[in-house]
Amino acid sequence: MTRDERELREAIIAKCRWMNASGLNQGTSGNISARYKDRMLITPSATPYDAMKPEMIASMPLEGADGEWTGPLRPSTEWRFHLDIMRARPDAGSVVHTHSTYATVLAIARKSIPACHYMIAAFGGNDIRCAPYACYGTRELSELALAALEGRSGCLLANHGMIAIGPNLDKAMWLAVELETIARQYYLSLALGPHILGDDEIAETAKGFASYGLQAAPSNPAANAPAGTKRRTGKSVRIKR
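This structure is a prediction, so every number in the text was calculated from the model and none was measured.

The alternating pattern of strand S3 (residues 58–61) places Ala-58 and Met-60 and Ser-59 and Pro-61 on opposite faces, both of which are buried. As judged from the four bridges shared by strand S2 (residues 39–42) and S3, these two strands associate in the antiparallel manner. Residue pairing in the sheet places Ile-42 in a bridge with Ala-58 of S3.

Let us now look at the pairing of S2. Sheet topology places strand S1 (residues 31–36) next to S2; four bridges connect them, and they run antiparallel. Within S2, the residue paired with Ser-33 across the bridge is Ile-42. Between S1 and S2, which pair antiparallel and follow one another directly, the connecting turn spans two residues, one of which, Lys-37, has a positive phi of 55°.

So, on to the pattern of salt bridges. One pass over the full model with this rule turns up nine salt bridges. Put simply, Arg-3 and Glu-7 hold a salt bridge, and the shortest N to O gap is 3.3 Å. Here Arg-3 and its partner Glu-7 are both found in helix H1 (residues 3–21), four residues apart, which amounts to about one turn of the helix. Judged by relative accessible area, Arg-3 falls into the exposed class, the value being 69%. Shared partners join several salt bridges into a network, and the residues in it are Asp-66, Arg-80, Arg-87 and Arg-139.

Here we take up a negative patch on the surface. Residues Asp-199, Asp-200, Glu-201 and Glu-204 make up a contiguous surface patch of negative charge. Note that Asp-199 resides in helix H6 (residues 199–208). According to the relative accessible area criterion, Asp-199 is exposed, its value standing at 53%.

As a further point, take the sheet that holds strand S6 (residues 154–157). Judged by pairing direction, the sheet is mixed, and its seven strands sit side by side in the order S3-S2-S1-S4-S7-S6-S5 without closing on themselves. Of all the strands in the sheet, the pair left with one neighbour each is S3 and strand S5 (130–131). Strand direction decides the pairing type here: S5 and S6, joined by two bridges, are parallel. Directly across from Ala-131, in S6, lies its bridge partner Leu-157. In the packing of helix H4 (residues 139–148) onto the sheet, the strands contacted are S5, S6 and strand S7 (161–166), and the crossing angle to S6 comes to about 140°.

On the surface, Val-105, Tyr-187, Leu-188 and Leu-190 cluster together to form a nonpolar patch covering roughly 330 Å² of accessible area. Here Leu-190 shows up in the loop between helix H5 (169–189) and H6.

Our next topic: the packing of H1 against H5. Interhelical geometry of H1 versus H5 gives an angle of 15° and a closest axis separation of 11 Å. Compared by their axis directions, H1 and H5 come out roughly parallel. For the pair H1 and H5, the crossing hand works out as right-handed. On the side of H1, the interface is formed by Ala-11, Ile-12, Lys-15, Trp-18 and Met-19, while H5 contributes Leu-169, Asp-170, Met-173 and Val-177. Residue classes in the contact of H1 with H5 are distributed as seven nonpolar, no polar and two charged.

A few words now on the packing of helix H2 (residues 79–88) against H4. Between two packed helices, what matters for the description is the angle formed by their axes and the separation of those axes. Close contact between H2 and H4 brings their axes to 9 Å; oriented N to C, the two are set at 40°. As summarised for this structure, H2 and H4 are arranged oblique, according to the angle between their axes. Pair H2 / H4 crosses with right-handed handedness. Seen from H2, the contacting residues are Arg-80, Phe-81, Asp-84, Ile-85 and Ala-88; seen from H4, they are Arg-139, Leu-141, Ser-142 and Leu-146.

Mapped onto the elements, Glu-5 comes out in helix H1. Every residue in contact with Glu-5, bar those within four places of it in the chain, is listed here: Tyr-36 and Leu-41.

Cut-offs used in this document
- Residues numbered from 1 in each chain as written.
- Predicted model: local features only at pLDDT ≥ 70, side-chain atom pairs only at ≥ 80, totals over all residues.
- Heavy atoms only, no water.
- Buried < 20%, exposed > 50% of the residue type's maximum accessible area, 1.4 Å probe, protein only.
- Helix = DSSP H or I, 4+ residues; strand = E, 2+ residues; numbered from the N terminus.
- Pairing = 2+ DSSP bridges.
- Salt bridge = Lys/Arg side-chain N within 4 Å of Asp/Glu carboxyl O.
- Patch = residues over 30% accessible without salt bridge, like charges linked within 9 Å, V, L, I, M, F, W, Y side chains within 5 Å.
- Areas by Shrake-Rupley, 256 points an atom, 1.4 Å probe, with all protein chains shown as cover.
- Lys, Arg positive; Asp, Glu negative; His and termini not counted.
- Charge placed at Lys NZ, Arg CZ, Asp CG, Glu CD.
- Contact = heavy atoms within 4.5 Å.
- Axes fitted to C-alpha atoms, helices over the stretch in contact; angles between N-to-C directions.
- Parallel < 35°, antiparallel > 145°, perpendicular 65-115°, else oblique.
- Left-handed = near helix turned anticlockwise from the far one by under 90°.
- Nonpolar A, V, L, I, M, F, W, Y, C, P; charged D, E, K, R; others polar.

Below, the structure is given as C-alpha cells:
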C-alpha cells in the first residue's frame, strides 16, 4: 500500500467517525467511498467506525466484473451504487451516504426538496430529487439513484437516506452536511408554508457561487462555506445579510 493510498484510507475513516460524532449518521448505517486511481476505496460492511483500520477498507476495481474486491472484509452492502456513480460520473471523486435524520424524514415522506433556500444551487439545479424506493444493495436502487442524481450532486433515497457526491472526500462531506441542513430547514418551514425561489433566482445564485469558492476543496466539512454561513458541530447558522 502506497503512502498516499494509506492517507486516503485514513481520511475515509476520519470522515466516518466525524459524521457519527456530529449526528449526521448513526451506527454503521452510512458508508463512504473515494476514488483512488483505477479503483474505488469503500468502507467495509457492518464494521464499527471506531474499530476500523486502514487495512479494513475494501478496494474495488472501477472496471471489470461487478462485485470484485480485495481486503480482509466485504465492502459495504451499498457498494453497487457507489461503484455505478463513480463509473457514470467522472466528476465523482467521493460518495457519502448517510441516514441523517431530516433528509431521511423527507425521504420517508417521499418528498423532493424544492428551491426553499438559495443554497440548493450548490447541488446543480433547482431541487434535490427523491429517488423511488428499492431494496438496499440492489441494482434497481443503483439505477434509481443515478437517475435522481442526473445533473445533481445530491439526492434522497425513498424510505432510506441520502447521497452526496463531490470531486473529493472533503467536498462530498461538505455537501452531505449542506443537504441535511437544507432538509431540516425545509421540513421546519412546512409548518408555516415555504416560499419557493424561482428558476431565475437559483440561476443567479449559481452564477454567483463561482466567487464563493465552492469549486475549491474545503479543508474540512465545515470550511469554506459561502459568505453568510457559520458552521458549528455539523449544523449551519444563517446570518442575515
